[in-house]
Amino acid sequence: MDNSQKPDDHDGLPTRSKVKLVSGIVLVVLAIIVAMQNTRAVETRFLNFTFVMPQAGLLALTLLIGILIGILFTLVLLRRRSARSGGIDKSGGY
C-alpha cells in the first residue's frame, strides 16, 4: 500500500472531499425542500415599487443581497487593514 493513500480511501476520494460532497448534497436537498414548500406568491413593497414573486424567490433574493453585503463589507475591511499596514499606495503606483 502506498503511504499517500489512507485505508478508508476506497473510492479514491480523501475523507475531507467526501465530507464536502455530502455536505453540498445535503444543502442542495434542503434548498429544494424550502423552494418546494414556499411557492405561494407574496407581495413585497419597497419604496414606491411593488413586487409579486414566489416566497422562495424572495428568500433567495434576500440571501443573495446578504451575501453581497458581506462580501463588500469584507473587502472594505481588508482594504482599510491593508492601507494601515502600508500595503496600498494611494497614488495608484506600485
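The structure presented is a predicted model; accordingly, all values stated were derived computationally and were not measured. (Residues numbered from 1 in each chain as written. Predicted model: local features only at pLDDT ≥ 70, side-chain atom pairs only at ≥ 80, totals over all residues. Heavy atoms only, no water.)

Colleague: Describe the overall build of the protein, and please don't skip the residues or the numbers.
Modeller: The secondary structure content of the protein amounts to two helices and two strands. The order of α-helices and β-strands along the protein, N terminus first, is α-β-β-α. In the protein, which comprises 94 residues, the share counted as buried stands at 4%. The contacts of the protein with a sequence gap of at least 6 include a subset with a gap of at least 24, amounting to 3%. Surface accessibility of the protein: about 8600 Å² in total, with carbon and sulfur atoms responsible for 65%. (Helix = DSSP H or I, 4+ residues; strand = E, 2+ residues; numbered from the N terminus. Buried < 20%, exposed > 50% of the residue type's maximum accessible area, 1.4 Å probe, protein only. Contact = heavy atoms within 4.5 Å. Areas by Shrake-Rupley, 256 points an atom, 1.4 Å probe, with all protein chains shown as cover.)

Colleague: Describe the pairing of strand β1 (residues 41-46), with residues and values.
Modeller: One ladder, built from six bridges, connects β1 with strand β2 (residues 49-54); its direction is antiparallel. Counterpart to Thr44 in the pairing with β2 is Phe51. (Pairing = 2+ DSSP bridges.)

Colleague: Now, about the pattern of salt bridges: what can you tell me, with residues and values included?
Modeller: Summed over the entire model, instances satisfying the criterion amount to one salt bridge. A salt bridge links Glu43 to Arg45; its shortest N-O distance comes to 3.4 Å. We classify Arg45 as exposed; its relative accessible area is 65%. (Salt bridge = Lys/Arg side-chain N within 4 Å of Asp/Glu carboxyl O.)

Colleague: Would you mind going over the confidence of the model for the protein in detail, with residue names and values included?
Modeller: In the predicted model, the protein carries a mean pLDDT of 82, and the fraction of residues at 70 or more is 78%. Within the protein, no element has a lower average pLDDT than helix α1 (residues 15-37), which sits at 90, and none a higher one than β2, at 92. (pLDDT = per-residue confidence, 0-100.)

Colleague: Tell me what's going on with unusual backbone geometry, and back it up with residues and numbers.
Modeller: The phi dihedral of Leu47 falls on the positive side, at around 55°, and the residue is not glycine. Within the secondary structure layout, Leu47 lies in the loop between β1 and β2.

Colleague: Before we move on, can you summarise the side chain of Asn38 with the specific residues and values?
Modeller: With respect to the element layout, Asn38 can be found in the loop between α1 and β1. Residue Asn38 is classed as buried on the basis of its relative accessible area, which comes to 18%.

Colleague: Which residues make up the environment of Met53, and what are the values?
Modeller: Residue position: Met53 is located in strand β2. Note: C-alpha distance between Met53 and Ala41 (12 residues apart in sequence) is 5.1 Å. Beyond its immediate stretch of four places on either side in the chain, Met53 contacts Arg40, Ala41, Val42, Leu58 and Leu61.

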